[in-house]
Amino acid sequence: MSLNRSDIVNIARLARLALTEQEIPLYVEGLSRIMGLVGELDRADTSQVEPMAHPLPGQRQRLRFDSVTETDRHELYQRNAPQVEAGLYLVPRVIE
Amino acid sequence: MSAPHDMSVAELSAALQARQLSSVEVTRAFLERVTRHQADLNAFISITAEAALVEAAQADARLRAKDAGPLTGVPIAHKDIFCTRGEKTTCGSRMLANFVSPYDATVVERLRAAGVVMLGKTNMDEFAMGSSNETSFFGPVKNPWDVARVPGGSSGGSAAAVAARLTPAATATDTGGSIRQPAALCGVTGLKPTYGRVSRFGMVAFASSLDQGGLITRSAEDAALLLGAMAGFDERDSTSVELPVPDYNGVLGQPIKGLKIGVLKEFFDKGLDPEIEQHIRAALDLLRSQGAVIKDVSLPNLPLSVPTYYVVAPAECSSNLARFDGVRYGHRCDNPRDLLDLYQRSRGEGFGAEVKRRIMTGTYVLSAGYYDAFYLKAQRVRQLISNDFERAFHEVDVVIGPTTPTTAFELGAKTSDPVTMYLNDIYTIGANLAGLPAISLPCGLSHGLPTAMQIIGPHFGEERLLNVAHRYQLESDWHRRVPPGFA
């Protein structure tokens, strides 16, 4: 299966990845090869099988009570933020 | 008594308990080796010498006060995918190059509580995506057996560090073979536990239905000692399983008479280095001589593991890595024009080529119109592979095959085509898809490079795997070989 330049530009947009002009042909080739490999899955007859939902048979996603368990540690967490002011994360203006 | 770097975790533990060595002495000895070999191997991203000596002094105080467990004072290295409070956790990426973890991963927390001393954080493929450690933002790790060759990946730093005697043991993670493949290429023991056995809390997520934390050690005995301290239920990981942790060390050495071993037919079909096959056949003979019964088993869907994985893993990666937005933490581009530009350039600059390739593959297979054809199809084939294993474990107790098709390859040999690189994991991916535990053990040397076999067991069969591996290591000495120049 082969992908073209406009497929890659579209996928990169969906994935929110800025690509340089030089990168685009590399991903056209790389993803085409990967999807070629993935094409081998067509060999398997899966008409009688459900998609796997969990690696361990019979396991279900565990839920917790909807209660407050964490304390407010925003100052600690925001030490890793690129730009913070008055406890808020700064981003470029969204509404003009 | 041997020098600390020659000692196993079990031997170090005994020497520390008997106060023949102090943790500070042991820690200094390993830190000296870590520092000395950083330039030639590049096995570490951070060396946390100062903190290590503080922890070692605390461990010595506990040992003096007889308030110590078996691991108190033993040094270890953590793969740089595990969050470590107050220290950098980079995941091998420019994206997290300056990220300082606000908390400890559960694995780190538990080992810390057991008194283990952290020497540093080991190098790895970026976000654990790679099979050669060449995708690390911090440069490739070199294989101590031949520095012109790769150590494997993604836990290449952990494997090289254990092989070169820079640390007695290291934590690692395995999504498609990232513990077992580098362990094989570096001649050390690599254990991937059952999915859900070890908490994923604080372990940077790549593909959440496949990721599992484990160990790289010199022997199965050391892996058993450490797994007991790492494993167990954690309410902070919603896929952590509520099962008691057995005494892994207590079962070691049990006879294997009558144990049924399946030889995976599909793994010996084609593409396997004939010398690796010979070494595995010799290992099987050794296990047979101890009373194990060897028979062939066939898992007909197993050859579809690689294509299945390269749908499921990128899909989950594309979803997990959406959190890196340049806003809350991680790399941010300069002078963004608007919010979209901020997201796109921060991610475009922060991620390396392989990570971007996987994010885009995942985005594609999940996109409108393709989800059924690729993602659901792959999850159906995954179920078929899992069913194959389940059937096999009705007939046999464990299955054995190679870990890798070849010994360590040269740096740069497989970087031009992603699919060539992906095929390195052809024998390891099946266990991840089915959530099974597996261990890789050295079983020979071919032209001066380690060869390895892999033992896969049923869910939560770690005791059995470790016991079979230990029985093999009692009668063989491949796991004791040291790369020339690192004795």
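Since this is a predicted model, take the numbers as computed values, not measurements. (Residues numbered from 1 in each chain as written. Chains lettered and ligands numbered in written order. Predicted model: local features only at pLDDT ≥ 70, side-chain atom pairs only at ≥ 80, totals over all residues.)

A.B. asks: Honestly, the environment of Met 1 of chain B in this entry has me stumped. Any pointers?
C.D. replies: All names here are of chain B. With respect to the helices and strands, Met 1 occurs in the segment before α1 (9–17). Separated by 184 residues in sequence, Met 1 and Leu 185 place their C-alpha atoms 30 Å apart. When residues no more than four places from it in sequence are discounted, the contact partners of Met 1 are Ala 15 and Gln 20. (Helix = DSSP H or I, 4+ residues; strand = E, 2+ residues; numbered from the N terminus. Contact = placed C-beta atoms within 7 Å.)

A.B. asks: How should I be thinking about helix α12 (residues 353–366) of chain B in this particular structure?
C.D. replies: Within an α-helix, residues lying three or four positions from one another point in the same direction, as the helix has 3.6 residues per turn. With 14 residues, α12 of chain B ought to run about 20 Å at 1.5 Å a step, and its terminal C-alpha atoms sit 20 Å apart, in line with that. Most of α12 of chain B is tucked away, with 12 of its 14 residues classed as buried. For α12 of chain B, the full list of buried residues reads Glu 354, Val 355, Lys 356, Arg 357, Arg 358, Ile 359, Met 360, Thr 361, Gly 362, Thr 363, Tyr 364 and Val 365 of chain B. Those residues of α12 of chain B that are buried lie in contact with α1 (5–14) and α2 (23–38) of chain A together with α10 (305–320), α13 (371–395) and α14 (418–422) of chain B. (Expected span 1.5 Å × (residues − 1). Buried ≥ 20, exposed ≤ 12 C-beta atoms within 10 Å, placed from the backbone.)

A.B. asks: Would you explain the interface of chain B and chain A in this entry?
C.D. replies: Reports of interface size often rely on the accessible area that becomes lost once the parts have come together. Contacts between the two partners involve 56 residues from chain B and, on the opposite side, 36 residues from chain A. Contributing elements (two or more residues each) for the side of chain B that touches chain A: α10, α11 (339–350), α12, α13 and α14 of chain B. Residue contributions to the side of chain B that touches chain A peak at 11 residues, all from α13 of chain B. Here the side of chain B that touches chain A is built from residues that sort into 27 nonpolar, 17 polar and 12 charged. (Nonpolar A, V, L, I, M, F, W, Y, C, P; charged D, E, K, R; others polar.)

A.B. asks: Even after reading the chapter, I still don't get helix α4 (residues 49–64) of chain B, so can you show me in this structure?
C.D. replies: Residues and elements named next belong to chain B. The terminal C-alpha atoms of α4, which comprises 16 residues, lie 22 Å apart, in line with the 22 Å expected from a rise of 1.5 Å per residue. If you check which residues of α4 are buried, you get Ala 52, Glu 55, Ala 56, Ala 59, Asp 60 and Leu 63. In a view along the axis of α4, the buried residues occupy a sector of 145°, so they form one face of it. Residues of α4 that are exposed and angled more than 90 degrees away from the buried face: Glu 50 and Arg 64. Lining the buried residues of α4 we find α1, α2 (23–36), β2 (75–79) and β3 (117–122). Once α4 ends, the next one or two residues include Lys 66, with phi positive near 55°. (Arc of directions from axis to C-beta.)

A.B. asks: Help me understand the confidence of the model for chain A, please; the structure alone is not making it clear to me.
C.D. replies: Segments scoring low in pLDDT should not have their predicted coordinates read at a detailed level. Confidence in the prediction of chain A, expressed as mean pLDDT, is 93, and 100% of residues score 70 or more. When pLDDT is averaged over each element of chain A, α1 of chain A comes out on top at 97 and helix α3 (residues 74–78) of chain A at the bottom at 94. (pLDDT = per-residue confidence, 0-100.)

A.B. asks: Got a minute to help me understand the domain arrangement of chain B in this structure?
C.D. replies: All names here are of chain B. Split into domains, chain B comes out as domain 1 (4–256 + 439–449 + 461–480) and domain 2 (303–378). For domain 1 and domain 2, the distance between their C-alpha centroids amounts to 28 Å. Taken together, the contacts link 19 residues of domain 1 with 17 residues of domain 2. Its residues assigned to classes, the side of domain 1 that touches domain 2 comprises 10 nonpolar, seven polar and two charged. (Domains from an automatic or database assignment.)

A.B. asks: Teacher, can you tell me more about the pairing of strand β5 (residues 189–192) of chain B here?
C.D. replies: Within a regular beta strand, the side chains point alternately toward one face of the sheet and then the other, so they alternate between its two faces. All names here are of chain B. Because side chains alternate across β5, one face comprises the buried residues Thr 189 and Leu 191, and the other comprises Gly 190 and Lys 192, equally buried. Pairing analysis gives three bridges linking β5 to strand β10 (residues 438–446), with the strands arranged antiparallel. By the bridge assignment, Lys 192 is partnered in β10 with Ala 438. (Pairing = 2+ DSSP bridges.)

A.B. asks: What's the story with the pairing of strand β9 (residues 398–402) of chain B in this structure? I'm lost.
C.D. replies: All names here are of chain B. The buried count for β9 comes to five of five residues, which makes it a mostly enclosed element. As paired strands, strand β7 (residues 260–264) and β9 are joined by three bridges and run parallel to one another. Among the inter-strand pairings, Ile 261 is bridged to a residue of β9, identified as Val 398. Sheet topology places β9 next to strand β11 (residues 449–456); four bridges connect them, and they run antiparallel. Bridge pairing in β11 links Pro 402 to Met 453.

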